[in-house]
Amino acid sequence: MTSADMALPAQDERTLPAVVLRDVDTRPLEQVLAELQLLVEQHGHVIVVCSRATPTAVRRRLHTLRSLLESDRIALFRPDLPPLGLAVLVRQLRQLASCDLSPGVLASAGRLLTHYLHCGALLGSVARLDRVPVDLKQHARSWMPGSQFAVLAHPQPQLVRLGPGTSLDGPEFGTWMLVAKGQLQSDWVTATLAPSWKVQGLRESPLPAESPTWWGTGRLIEFCTYLPDLSVLYQLVTSVRRSTCHWCGIDVIGDRCVFCSATPPGQDAPPGSPAGNRAAVG
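Residues numbered from 1 in each chain as written. Predicted model: local features only at pLDDT ≥ 70, side-chain atom pairs only at ≥ 80, totals over all residues. Heavy atoms only, no water.

**Details of the confidence of the model for the protein**
Then, number 1: Averaged over every residue, the pLDDT of the protein is 86; residues scoring 70 or more account for 89%.
Then, number 2: Scored below 50 in pLDDT, residues 266-282 makes 25 contacts in the model with residues more than four places away or belonging to other chains. (pLDDT = per-residue confidence, 0-100. Contact = heavy atoms within 4.5 Å.)

Structure follows, in structure tokens:
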């Protein structure tokens, strides 16, 4: 990962520590390149996870590093999740990294596990929110003093003005909830939303540095529900049919290789994939 505050504390004793690629865009290219090359040599494969709110300069540098190393053993994964949800997903992958999963299956598991996350926030304003659809009426109400909005960004966008009986569509299975408080004072998430979603456990975490950028305001309380048990995560991943990437030969789950971006023969390949020529992942 590219931000240290995305490295949540270990969920259990088996959770592997995170590796943080610090200051990717500001340190000398040769220095970061040597660091990444050493990681590949030590571990065989590297999965780099970063937020959609990560600065463009960081993303460009990551693609440059991967191209210079000419390696299909580096996966660049940018799921469309808010920062707190991304941090939870990274920790789940760190949990699974202790199991007998191949690198391709572990990298592919990231896409699978996003379906079991519910990510949202309580916001003091939606005036600058561009990650979830905001209609003109809601936008106008955001300028009213004291207005607050309950927002679900994943898996299905939902936005409602906070009031008596306000609710959001939650998970239909048992989860834990992680809460990160910004500059907004409210107990709605922990006292109302969590019980309505029947969460089985509740924990707090510092707000990720990228959260105000992602949500368009620092007046927020971010939350994410997740499956905490390694045994459940492992069962979910191993129950999915595996296939072998026809391009790089590693085992994967899903319809696209996370390392080389190849799709199964006969399917339309995304721009920049190696279906016709071996281009770097875009």
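**As for the side chain of glutamine 148**
Then, number 1: Its place among the elements puts glutamine 148 in the loop between α5 (136-141) and β4 (149-154).
Then, number 2: Note on glutamine 148: relative accessible area 17%, which makes it buried. (Helix = DSSP H or I, 4+ residues; strand = E, 2+ residues; numbered from the N terminus. Buried < 20%, exposed > 50% of the residue type's maximum accessible area, 1.4 Å probe, protein only.)

**Considerations on helix α3 (residues 83-96)**
Then, number 1: Here α3 is 14 residues long and its end C-alpha atoms lie 20 Å apart, about the 20 Å a rise of 1.5 Å per residue gives.
Then, number 2: Extensive coverage of α3 is indicated by the burial of 14 of its 14 residues. (Expected span 1.5 Å × (residues − 1).)

**Focus on the pairing of β4**
Then, number 1: Counting buried positions along β4 yields 6 of 6 residues, so the element is predominantly enclosed.
Then, number 2: In terms of strand pairing, strand β3 (residues 118-123) meets β4 through 5 bridges, oriented antiparallel. Counterpart to leucine 122 in the pairing with β4 is alanine 150.
Then, number 3: Where β4 and strand β5 (residues 158-161) come together, 4 bridges link them in antiparallel fashion. (Pairing = 2+ DSSP bridges.)

**Some details on the pairing of strand β6 (residues 176-181)**
Then, number 1: Pairing of β6 with strand β7 (residues 201-204), which is carried by 4 bridges, proceeds in the parallel orientation. Pairing of methionine 177 across the sheet is with leucine 202, part of β7.
Then, number 2: Assessed by its sense of winding, the connection that carries the chain from β6 through helix α6 (residues 188-196) to β7 is right-handed.
Then, number 3: The sheet contact formed by β6 and strand β8 (residues 220-226) spans 6 bridges and is antiparallel. By the bridge assignment for β8, alanine 180 is matched with glutamate 222. (Right-handed = clockwise from strand over helix to strand, strands pointing away.)

**Quick word on the nonpolar core**
Then, number 1: Judged by nonpolar contacts, the single largest core of 34 residues is most densely connected at Val88, Leu96, Leu113, Leu117 and Val237.
Then, number 2: Among the elements that make up this core, the one with the highest residue count is α3 (8 residues). (Core = buried A, V, L, I, M, F, W, Y, C linked by side-chain atoms within 4.5 Å.)

**Re the pattern of salt bridges**
Then, number 1: Within this structure, the stated rule accounts for 3 salt bridges.
Then, number 2: The residue glutamate 35 makes a salt bridge to arginine 27 at a minimum N-O spacing of 2.7 Å.
Then, number 3: Among the residues examined, glutamate 35 registers a relative accessible area of 25% and is labelled partly exposed.
Then, number 4: Taking the shortest distance from any N to any O, the salt bridge between arginine 131 and aspartate 130 comes out at 3.8 Å. (Salt bridge = Lys/Arg side-chain N within 4 Å of Asp/Glu carboxyl O.)

**A short note on α6**
Then, number 1: Residues of α6 that are buried include every one of Trp188, Val189, Leu193 and Ala194, and no others. For α6, the angular spread of the buried residues around the axis is 140 degrees, confining them to a single face.
Then, number 2: On its buried side, α6 packs onto β3, β4, β6 and β8.
Then, number 3: A positive phi of about 55 degrees marks lysine 198, the residue just after α6. (Arc of directions from axis to C-beta.)

**Things to note about the sheet that holds β3**
Then, number 1: Strands sit in the order β5-β4-β3-β8-β6-β7 across an open sheet of 6 strands; the sheet is mixed. Where the open sheet ends on each side, the last strands, each with one partner, are β5 and β7. The mean angle between the axes of side-by-side strands here comes to 20 degrees, regardless of whether they run parallel or antiparallel.
Then, number 2: On top of the sheet, α3 reaches β3, β6 and β8; it is set at about 30 degrees to β8, its chief contact.
Then, number 3: Here α6 sits on the sheet in contact with β3, β4, β6, β7 and β8, set at roughly 155 degrees to β6. (Axes fitted to C-alpha atoms, helices over the stretch in contact; angles between N-to-C directions.)

**Observations concerning unusual backbone geometry**
Then, number 1: Cis geometry marks the peptide bond from histidine 154 to proline 155, where omega comes out at 15 degrees.
Then, number 2: With respect to the helices and strands, proline 155 occurs in the loop between β4 and β5.
Then, number 3: With a phi angle near 50 degrees, aspartate 23 is a residue other than glycine that sits in the positive phi range.
Then, number 4: Its place among the elements puts aspartate 23 in the segment before α1 (29-43).
Then, number 5: Assessed through its relative accessible area of 48%, aspartate 23 is described here as partly exposed.
Then, number 6: A positive phi is found at lysine 198, a non-glycine position, where the angle reads about 55 degrees.
Then, number 7: Relative to the assigned elements, lysine 198 resides in the loop between α6 and β7.

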